[in-house]
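Residue-level listing of the chains:
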Amino acid sequence: MRIRSAILAFSWVALIQASISHALPPGIEKTWLISDDLARYREQTQPTWAPYPEGFAADLPNASTFKEPRQMTSRLIPVQEYGMRFFDPVIHESGTTIRLPADAQATLVQPDWAGIFQAPKLSSIKFGVHINEVSGTWPDAWSLNEKVSFKPASNAKLFSALLALTELGTQFRFRTEITAEWVGKKSDGVVRKLTLHASGDPSWGLWDSAAVGTFPELTSLAASLRYLGVKKVLGPVSVQAKDSRLNDLRIPSGWSFGDTIACYGTAYQAVNLQANCATYQVTGNTTGKWLETGVPIPVKVVATTGTVTDLVLTAKMDAREQPISYTISGTLIAGATPNFVLPIPNATQWAINVLTTKLTQQGVVFEKENTTLPSSGLTLTHSYASRTLGQILVPFMKLSINLVGDGFFRYLGSLKSPAEPNLWKAGADLMEVTLRNAGISDFYLEDGSGISHDNRVQPLTLLSTLIALRERADFPTLWSSLPIAGRDGTLASRMKGTQAEGYLRAKTGTLTGTYNLSGYVPETDLSGKVLRYIPFVMINQTTGAFGTQARQTANEACISLSNFVRAVP
């Protein structure tokens with residue numbers, strides 16, 4: 001039985017992990033990020049905008065209490081930025097050797113952990129801390145509230161990574177098949193019943209920043225079909241989920257009502273494109289366009305000219321709390337063309353539209369079905385394999401892509417629980433078995449991303465998970481996927497110019513009132529050879545007003561830890 005801590009009785013202000021998009025000056029490649037860690041806003045002449053439902057999501061009950069379609073409104077504000085390209089995550093050294101600076105000698109004085117985490121100025125922040133395992137040495141193990149339950153936020157992705165590595169392995173690849181029935185002579189190149197068989201690959205569009213909006217996976221499929229001799233398609237393209245439950249777009253317990261109109265909360269489905277988010281550009285007071293091909297959701301622009309761009313997004317929701325249309329209203333500076341990065345819940349139709357376009361570009365002709373034409377009795381079958389799980393972990397962990405974590409959760413639930421209609425429950429049940437088999441207890445997890453405000457874990461639970469990951473033979477893959485302090489991912493802007501930069505690696509986790517950091521500091525000798533990885537957990541509960549202070553405290557502790565164990569004297 002999953003353990004629900006008594007702390008669930010607390011009602012916390014709901015805020016969501018951020019959807020991140022970034023517009024660069026003209027002539028510079030656009031980047032698109034999705035993450036959970038909040039940063040300072042950057043003012044730009046032509047900013048990219050995204051829905052950020054703070055202020056209304058907190059006042060609405062959980063979406064499960066609503067049964068009828070309704071509208072949601074959110075003010076759009078400039079999104080946060082990071083200095084890393086979403087589609088080109090850099091895979092760093094696996095961790096056997098780390099380059100050390102000349103001043104790598106460690107201090108011999110144990111950090112004053114109590115002074116860092118229990119200072120009087122931090123009375124509004126409740127920390128849960130566990131540094132090093134109890135049996136470890138150098139530094140001495142230290143803990144605070146290690147058996148108190150906290151929201152893990154995106155630290156839950158550490159559990160999802162363990163689940164995926166355990167059940168699938170680093171070399172696993174998602175496979176998507178495309179089939180068709182040849183009509184008449186195969187040499188005529190005519191097919192009918194062209195069907196994409198989608199298995200839930202969450203990684204399409206997460207790679208190659210030069211190909212944003214070009215859908216390289218669907219381009220490859222179209223080119224392959226043309227190479228195999230397809231010249232004409234009778235009837236439309238269709239998509240068939242290998243497991244229909246993957247297209248059940250219900251949201252799990254603990255998600256806020258507004259989560260589904262922000263890109264961090266896009267629904268994982270049988271087919272997924274660009275984490276199921278697309279960019280809409282407002283081009284005038286009543287005009288706009290999707291920057292990607294084939295997006296199926298309509299948008300209406302109703303703005304007036306003003307001295308500032310102050311826009312509001314209204315989403316019409318269906319009974320599953322998924323957006324079916326958007327309206328953008330408010331004031332717009334004359335000549336401004338702001339971008340909105342919005343969730344696309346109907347990824348199936350989007351994929352059909354894009355594949356049809358790609359095939360047309362290959363010279364394939366589409367005609368209406370003609371049932372009088374004889375079938376050849378032959379079937380065309382082509383299979384497309386994703387990148388490896390080990391490669392998918394890199395953008396997933398470094399940039400905290402929620403859809404991937406929920407994808408692991410639900411995809412594996414579908415494999416292991418063929419009779420369970422609710423894949424959120426199937427994923428939670430499988431997660432429980434996996435963690436308990438690894439000797440990990442005291443957790444309650446409703447999703448694989450950490451968005452749910454119902455999730456609860458103890459610092460000791462997270463520490464046990466870090467140790468379980470570290471003891472695996474495939475730990476180098478996990479290590480390579482973690483954000484690096486001061487260098488990339490959700491830690492790109494943190495601890496720069498300190499002993500932790502380029503050295504410490506950890507997973508962030510952010511909800512309003514929750515600012516977590518859990519990971520490892522490598523202990524090395526003076527040559528830079530890694531002797532072991534020291535795990536640490538720094539999680540907390542507070543309010544949004546103390547978020548910066550909570551992060552700064554975690555940074556201070558991480559810098560002290562990095563300085564202490566940088567190299568064994």
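See above for the structure.
About the cut-offs
Residues numbered from 1 in each chain as written. Predicted model: local features only at pLDDT ≥ 70, side-chain atom pairs only at ≥ 80, totals over all residues. Heavy atoms only, no water. Axes fitted to C-alpha atoms, helices over the stretch in contact; angles between N-to-C directions. Helix = DSSP H or I, 4+ residues; strand = E, 2+ residues; numbered from the N terminus. Parallel < 35°, antiparallel > 145°, perpendicular 65-115°, else oblique. Left-handed = near helix turned anticlockwise from the far one by under 90°. Contact = heavy atoms within 4.5 Å. Nonpolar A, V, L, I, M, F, W, Y, C, P; charged D, E, K, R; others polar. Buried < 20%, exposed > 50% of the residue type's maximum accessible area, 1.4 Å probe, protein only. Polar contact = N/O pair within 3.5 Å; in protein donor to acceptor, adjacent residues only side chain to side chain. Phe/Tyr/Trp six-rings, centres within 6.5 Å; stacked < 30°, edge-to-face > 60°. Expected span 1.5 Å × (residues − 1).

Undergrad: Help me get a handle on the packing of helix α3 (residues 216-227) against helix α4 (residues 347-361), residues and values and all.
TA: Following both chains from N to C, one finds α3 and α4 inclined at 45 degrees, their axes separated by 9 Å at the closest point. Here α3 is positioned oblique relative to α4, judged by the angle of their axes. The two elements α3 and α4 cross, and the hand of that crossing is right-handed. Judged by residue contacts, L218, T219, L221, A222 and L225 of α3 engage A351, V354, L355, K358 and L359 from α4. Taken together, the residues that form the contact of α3 with α4 break down as eight nonpolar, one polar and one charged.

Undergrad: Run through the side chain of N339, naming residues and quoting values.
TA: Examined against the element boundaries, N339 turns out to sit in strand β16 (residues 339-343). Looking at N339, the relative accessible area reads 9%, which means it is buried. At a separation of 3.2 Å, a polar atom in the side chain of N339 contacts the side chain of Q281.

Undergrad: Help me get a handle on unusual backbone geometry, residues and values and all.
TA: The phi dihedral of N145 is positive, around 55 degrees, even though this residue is not glycine. With respect to the element layout, N145 can be found in the loop between β6 (142-144) and α2 (156-167). For N145, a relative accessible area of 27% translates into the label partly exposed. In this model, F215 sits at a positive phi of 55 degrees, which is unusual for a non-glycine residue. As for its placement among the helices and strands, F215 is situated in the loop between β8 (190-198) and α3.

Undergrad: Give me the lowdown on the environment of P535, citing residues and values where you can.
TA: Summarising the element assignment, P535 is placed in strand β23 (residues 530-541). Between the C-alpha atom of P535 and that of N132, which follows or precedes it by 403 residues, the distance is 5.2 Å. Contacts of P535, omitting those with residues within four sequence positions, involve H130, I131, N132, E133, L463, L466, I467, R470, G519 and Y520.

Undergrad: So what's going on with the packing of aromatic side chains? Residues and values would help.
TA: Tallied over the entire structure, the rule returns 17 aromatic pairs. With a centroid separation of 4.8 Å and 55 degrees between ring planes, the pair formed by W479 and Y533 is classed as tilted. With W479 in helix α9 (residues 475-481) and Y533 in strand β23, this residue pair connects regions lying 54 residues apart in the sequence. For the residue pair W479 and Y533, the accessibility class agrees, reading buried in each case. Here Y520 and Y533 contribute two aromatic rings whose centre-to-centre distance is 6.4 Å and whose plane-to-plane angle is 80 degrees, an arrangement assigned as edge-to-face.

Undergrad: Let's hear about α2: which residues, and what values?
TA: For an α-helix, 3.6 residues make a turn, and residues three or four places apart therefore share a direction. With 12 residues, α2 ought to run about 16 Å at 1.5 Å a step, and its terminal C-alpha atoms sit 17 Å apart, in line with that. Along α2, the positions that sit buried rather than exposed are A156, K157, L158, F159, S160, A161, L162, L163, A164 and L165. Where α2 terminates, the next one or two residues include G169, which has phi positive at roughly 85 degrees.

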